[in-house]
Amino acid sequence: MAKRLTTRVACCWAIGLAAAVALTTLTASTPAVAHGERSQQAFLRMRTLNWYDVKWSKTELNVNDEMELTGKVHVFAGWPQAVARPGEAFLNVGEPGPVLIRKSAFVGDVPVPRTFSMDVGKDYEYKIVLKARRPGRFHVHVQINVKDGGPIVGPGQWITIKGDMKDFTNPVTLLDGSVIDLETYGIKWVYIYHFLWMAAAAAWILYWFMTKGIIVRYWQVKAGRAGELIGPNEKRIGAITLAGVLLAVLGFYAAANKEFPRTLPMQAGLLTGISPIDEPSPTVSVRFRGGSYTVPGRELHIKTTIVNNGKEPIRVGEFTTAGLRFLNPDVIPQRPDFPDYLLADRGLSVSDPSPIQPGETRNMEVIVQDARFDIERLSDLAYDTDSQFGGLLFFFDPSGGRQRVEIGGPVIPKFRSDVTL
């Protein structure tokens, strides 16, 4: 008897010590401030979804204030084979928990509360309406979750929320005209159900632990007496517990169905046929003729053949990939409003800066060079099995027009800056 009591006391001490360690770890932890998109592979960020014209309507809000996250996304035509295509996708927000709630989301003019379909090679415009809930400073991204492909994260911006979370409300008008607050509606029953089942689980575990304990059961199994662990009394307790759980589930279901006879199924359908951005075809064409990436110098060299079939001269002004923007200062001299960690305002240059005249065909090398290319881990393409890049080239004309062209292909990594290919 004393030996059995000593075993139980030791087990209780072990459980208590584990709980203390877990509590200490949780209270000592600090919020992460790293940009999560850096953990994704370079090919996934460069050759799947190319984000552009991304805007955050506000960067400072009070609790209950609303903001809009808008922009456009190009579904890369050279979608990598290793990633499932976006036949089923969900427009979402990347944030550290529900610090802002999603009030509505649109792709084009179509509301997308559920999964929708996108076609490769097309561009789509999106808008997400967010409402501030929890005070603090948070990094907020646009994000699209692709079925079997995972979340693909877009550019992020720091958002500051002021106020008190206790003041947050989320009123919604129901079909019968009544108004409820989704933040607190039914919260009492959420607590009741959770604590009730937690108590039932604790009682079940406690019963089995107090009858013989883990160590004693282990000894019996080791001694070849496992058949003695489940006796008539244990079977009786198990049957009573099973019957009680089933009766409780049926009773709660009947009560909920009586109080809420009209219910709406989960919005789990698939929206298809959403129209992409309707824009005229570009009058400029770009043919990729090879490229290289110099690892020590963080330089991406893109050899191209550019044909201007338009009526005005054009110049290469921007290259965007994985949410990063590399600008040609000769074409875009003013720094745009965009997160600093993603904006290289002098990160793009060309071998021939003169305008490409109408009807002209020119071989030109585009150089993307900035530390952000390496900081954001896009230089990992040098170690990727495909070693392919992807992105959008933007061309500008004197009238203020802008055209975008997808470009991508394999690049050869160079590990010495003095080596030429």
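Our structure is the block above this text.
All values derive from a computational prediction rather than experimental measurement.

In this section: helix H3 (residues 187–211). Across its 25 residues, H3 extends 36 Å between first and last C-alpha, which sits within 8% of the 36 Å expected from 1.5 Å per residue. Taken from the residues just after H3, Gly213 is the one with a positive phi, measuring 85 degrees.

Pairing in this open sheet of 5 strands is mixed, and the strands run E19-E20-E15-E14-E23 from one edge to the other. The outermost strands of the open sheet, each flanked by one partner alone, are strand E19 (348–350) and strand E23 (412–414). Strand after strand, the sheet turns through a mean of 30 degrees between neighbouring axes, direction not considered. Here 3 bridges tie strand E14 (residues 284–294) to E23, and the two strands are oriented parallel to one another. Paired with Tyr293 across the two strands is Pro413, which belongs to E23.

Here the focus is the pairing of strand E21 (residues 388–396). Consecutive side chains along a regular strand alternate between the two faces of the sheet. Within E21, 7 of the 9 residues are buried, which leaves the element mostly enclosed by the surrounding structure. Pairing between strand E16 (residues 315–321) and E21: 5 bridges, direction antiparallel. Bridging across to E21, Arg315 finds its partner in Phe396. Here E21 pairs with strand E22 (residues 402–410) via 9 bridges, running antiparallel. Paired with Phe394 across the two strands is Arg404, which belongs to E22. Between E21 and the antiparallel strand that follows it, E22, lie 5 residues; Gly400 among them carries a positive phi value of about 90 degrees.

Quick look at the layout of surface pockets now. Taken as a whole, the largest pocket holds about 840 Å³ of empty space. As for the largest pocket, its lining consists of 18 residues, and the residues nearest its centre are Tyr185, Glu259, Phe260, Arg262 and Thr263. When contributions to the lining of the largest pocket are tallied by element, the ones reaching two or more residues are H3 and helix H5 (232–259). Across the lining of the largest pocket, the residue classes break down as 13 nonpolar, 2 polar and 3 charged. Its boundaries defined by the atoms lining it, the second largest pocket holds a volume of some 640 Å³.

Conventions used here
- Residues numbered from 1 in each chain as written.
- Predicted model: local features only at pLDDT ≥ 70, side-chain atom pairs only at ≥ 80, totals over all residues.
- Heavy atoms only, no water.
- Helix = DSSP H or I, 4+ residues; strand = E, 2+ residues; numbered from the N terminus.
- Expected span 1.5 Å × (residues − 1).
- Pairing = 2+ DSSP bridges.
- Axes fitted to C-alpha atoms, helices over the stretch in contact; angles between N-to-C directions.
- Buried < 20%, exposed > 50% of the residue type's maximum accessible area, 1.4 Å probe, protein only.
- 1 Å grid on protein atoms, 1.4 Å probe; cavity = no way out; pocket = protein on both sides within 12 Å on 5 of 7 lines; lining within 4 Å.
- Points joined across faces, edges and corners; volume = space filled by probe spheres on them.
- Nonpolar A, V, L, I, M, F, W, Y, C, P; charged D, E, K, R; others polar.

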